[in-house]
Amino acid sequence: MKLGRLNHIGVATPDLDASIAFYRDVMGATDVTEPFVLESQQVRVCFVNTPGENGTAGTQIELLQPTAADSAVGKWLEKNPLGGQHHICYEVPDILEAKAWFEKLGKRVLGEPRVGAHGTLIFFVHPKDMGGQLTEIMETPKGAH
Ligand SMILES: CC[C@H](C(=O)O)C(=O)SCCNC(=O)CCNC(=O)[C@H](O)C(C)(C)COP(=O)(O)OP(=O)(O)OC[C@H]1O[C@@H](n2cnc3c(N)ncnc32)[C@H](O)[C@@H]1OP(=O)(O)O
Ligand SMILES: [Co+2]
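Residues numbered from 1 in each chain as written. Chains lettered and ligands numbered in written order. Predicted model: local features only at pLDDT ≥ 70, side-chain atom pairs only at ≥ 80, totals over all residues. Heavy atoms only, no water.

Where an unreviewed UniProt entry is consulted, the protein chain appears under the name Methylmalonyl-CoA epimerase, with the organism given as Novosphingobium anseongense. Quoted verbatim from the Sequence similarities (unreviewed entry) heading of the UniProt record, the comment on the protein chain is "Belongs to the methylmalonyl-CoA epimerase family." (UniProt positions renumbered as here; feature names shortened; annotations may be inferred.)

Encoded structure:
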């Protein structure tokens, strides 16, 4: 498998609007997308775009507020009520090759690849098999970079 760019860091929050204000007012973010609900993942989400170099896209902070307590992010927030870093997402050139790679290593791929918030195929690998880090693997968007 070939590791691609760090696409985003997933950050869970109990209050998306307060987190947007934090990134704008404390962190000086100037490029924050409009929030939208991704019902399949039971989250309200938006992206804080960080500057890249020489006009390339920087990485993103993916802000996630659960729409239900009994959801992946909702359950995580029960243990981490202030919120914080929830997962990390790397790009790969070939999602099926990457899935086979992790499975061959005996790591738990969570579900079949599905279309994620960026419109390309993604899957997650269980944090217990990844040194405690919930890891999202995303196929590099066509024509990106
Ligand atoms: C904007 C949408 C975008 C997209 O999908 O495109 C997203 O990024 S959506 C993000 C939300 N979706 C997911 O996170 C899907 C993948 N996550 C899962 O399938 C679950 O959260 C899972 C399987 C990682 C844990 O679910 P489970 O029901 O087993 O919850 P537990 O609380 O029982 O956790 C078991 C064990 O894992 C530890 N854990 C849970 N979440 C995390 C985490 N984010 N990072 C690190 N560790 C995590 C939890 O503490 C438990 O450990 P233990 O030592 O047993 O207490
Ligand atoms: Co994500």
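Caption draft 1: Structural context of the sheet that holds strand β8 (residues 135-139). Here 8 strands make up an open sheet; going across it, the order is β2-β3-β4-β1-β5-β8-β7-β6 and the pairing mixed. Two strands bound the open sheet, and with one partner strand each, they are β2 (36-38) and β6 (109-115). Each neighbouring strand pair of the sheet contributes to a mean axis angle of 30°, computed without reference to strand direction. The sheet contact formed by β2 and strand β3 (residues 43-51) spans 3 bridges and is antiparallel. In the sheet register, Val-37 faces β3, and the bridge partner there is Arg-44. Contacts from helix α2 (residues 72-79) reach β1 (6-12), β3, β4 (57-66) and β5 (84-92) within the one sheet, and its direction differs from that of β5 by about 140°. Sheet strands touched by helix α3 (residues 95-104): β5, β6, β7 (121-125) and β8. Its angle to β6, the strand with the most contacts, is close to 175°. (Pairing = 2+ DSSP bridges. Helix = DSSP H or I, 4+ residues; strand = E, 2+ residues; numbered from the N terminus. Axes fitted to C-alpha atoms, helices over the stretch in contact; angles between N-to-C directions. Contact = heavy atoms within 4.5 Å.)

Caption draft 2: Looking closely at the pattern of salt bridges. According to the stated counting rule, one finds 6 salt bridges in the structure shown. The partner of Glu-103 in a salt bridge is Lys-99, with the nearest N and O atoms 2.9 Å apart. Of the two residues, Glu-103 and Lys-99 are both situated in helix α3; the distance of 4 residues between them amounts to about one turn of the helix. A relative accessible area of 41% places Glu-103 in the partly exposed class. For Lys-99, a relative accessible area of 11% puts it in the buried group. Sharing partners across several salt bridges, the network here consists of Lys-99, Glu-103 and Glu-112. (Salt bridge = Lys/Arg side-chain N within 4 Å of Asp/Glu carboxyl O. Buried < 20%, exposed > 50% of the residue type's maximum accessible area, 1.4 Å probe, protein only.)

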